[in-house]
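Take a look at the letters that make up each chain.
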Amino acid sequence: MFKTLYSPVEKLDIFPFSNLFVKRDDLIDPFISGNKWRKLKYILAKVNRLGKPHLVTFGGAYSNHLVATAAAAAKSNLKCTAFVRGEIVSNEMLFLCRLYGAKLIFVSRDDYKQKEKLFKNYFEHDPEAFFIDEGGASEEAVQGCAEIISELPTTYKYIFCAAGTGTTAAGLLQGITSAKLDTELHIINVLKNGEWLNTEIAKYTDVTKKLVIHQDYHCGGYAKATPQLIDFIKNFVATTGVLLDPVYTAKIFYAIVDLQAKGALKASDKILAIHSGGLLGLMGMKDKF
């Protein structure tokens, strides 16, 4: 499943930028999308090594991670169970999960906070069950995301990426450090009150001065969007042909444009944005467009 990879770097023609590029991880796979593909790559290798063919994971009702894990399990002839946070609902994302053969278990928001306890309560006596944290957060996921840096055709002054759990950010920072690059890594935190993000990244790699975390572009919090962000997405997609989702990727480019307007970036700076996929997130916010 993980033998081929298509993720080109493309230059974007957006005024006034002359050196703005995007790493198209969204093109890797339509359902095992972007950083989800990278996070699951070494997790599945571990699953096969340990002989545990039952993937058990966690996410919200519109989680890209749940769809990606269900799709990866189906392609790898594995079983998949997903704990879904909140009330019982039916939507496009969960339809895809079920179509890929995943079993869904809806749990209360309070119970969901205790993921390891849930796993133990349901699967303590299942020797084939393998715990995968929300978003795929793990050392294996960091290893997969770090490979982005080795794939780049050249170096950049700045690399921008969105962050939810901090796993992709940790992988990018690890890759930059290993390659001894002077590149500065700018992370757009999509969660409100996300001062904890630095601590999460530090669990996986040494935090250096090359890491810059922006806390002011969450647009209201996780899966929240302002009218300004929605207008930005409409204009960006119509003028570039590159789809963005309101949860993660749109906030990267919104931040880049805003930082340049404020003088924090130069229009001539060589900038790379990591398009981490997750475009199915549009389904949960389509009523805003």
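Report follows, based on the coordinates. Worth saying up front: this structure is predicted, and the values here are computed from it rather than measured.

What follows deals with unusual backbone geometry. Glycine aside, residues mostly have negative phi angles, and peptide bonds mostly take the trans form. Looking along the chain, the bond that leaves Phe15 and enters Pro16 is cis, with omega of 5 degrees. Tracing the backbone shows Pro16 in the loop between strand E1 (9-11) and strand E2 (20-24). At Lys180, a residue that is not glycine, the phi angle is positive and equals roughly 55 degrees. By secondary structure assignment, the location of Lys180 is in the loop between helix H7 (167-178) and strand E8 (184-189). In this structure, Ala223 takes a positive phi of about 60 degrees despite not being glycine.

Moving on: the pattern of salt bridges. Counted under the stated rule, the structure contains 17 salt bridges. Notably, a salt bridge pairs Lys46 with Glu140, separated by 3.4 Å at the nearest N-O pair. Of this pair, Lys46 sits in helix H1 (residues 35-50) while Glu140 sits in helix H6 (residues 139-151), placing them 94 residues apart in sequence. Since its relative accessible area comes to 19%, Glu140 is described here as buried. When salt bridges that share partners are traced, they join Lys23, Asp25, Arg38 and Glu151 into one network.

Before going further, it helps to examine the packing of aromatic side chains. Scanning the model with the defined rule gives 15 aromatic pairs in all. Ring centres of Tyr122 and Phe123 lie 6.1 Å apart, and the angle between their planes is 35 degrees; this geometry places the pair in the tilted category. For Tyr122, a relative accessible area of 46% puts it in the partly exposed group. The class for Phe123 is buried, based on a relative accessible area of 11%. Look at Tyr217 and Tyr254: their rings are 6.5 Å apart centre to centre, the planes differ by 75 degrees, and that puts the pair in the edge-to-face class. Residue Tyr217 is located in the loop between strand E9 (211-214) and helix H9 (227-240), and its partner Tyr254 is located in helix H10 (residues 249-261); the two are separated by 37 residues in the primary sequence. Given the relative accessible area of 7%, Tyr217 is considered buried. Connected via pairs of aromatic rings, a cluster forms that spans Phe58, Phe83, Tyr112, Phe119, Tyr122, Phe123 and Phe131. Its end group placed over the ring of Tyr112, Arg85 keeps NZ or CZ at 5.1 Å from the ring centre.

Our focus in this paragraph is helix H2 (residues 64-75). In this model H2 runs 16 Å from its N-terminal to its C-terminal C-alpha over 12 residues, within 8% of the 16 Å that 1.5 Å per residue would give. Burial analysis of H2 places 10 of its 12 residues in the buried class, which makes it a mostly covered element. Along H2, the residues classified as buried are Asn64, His65, Leu66, Val67, Ala68, Thr69, Ala70, Ala71, Ala72 and Ala73. Here the buried face of H2 lies against H1, strand E3 (54-59), strand E4 (79-85) and helix H3 (92-99). Measuring from the backbone nitrogen of His65 back to the side-chain oxygen at the start of H2 gives 3.1 Å, which picks out Ser63 as the cap. Downstream of H2 by a residue or two, Asn77 has a phi angle that is positive, lying close to 60 degrees.

What counts, and at which threshold
- Residues numbered from 1 in each chain as written.
- Predicted model: local features only at pLDDT ≥ 70, side-chain atom pairs only at ≥ 80, totals over all residues.
- Heavy atoms only, no water.
- Helix = DSSP H or I, 4+ residues; strand = E, 2+ residues; numbered from the N terminus.
- Salt bridge = Lys/Arg side-chain N within 4 Å of Asp/Glu carboxyl O.
- Buried < 20%, exposed > 50% of the residue type's maximum accessible area, 1.4 Å probe, protein only.
- Phe/Tyr/Trp six-rings, centres within 6.5 Å; stacked < 30°, edge-to-face > 60°.
- Lys NZ or Arg CZ within 6 Å of the ring centre and 35° of its normal.
- Expected span 1.5 Å × (residues − 1).
- Contact = heavy atoms within 4.5 Å.
- Polar contact = N/O pair within 3.5 Å; in protein donor to acceptor, adjacent residues only side chain to side chain.

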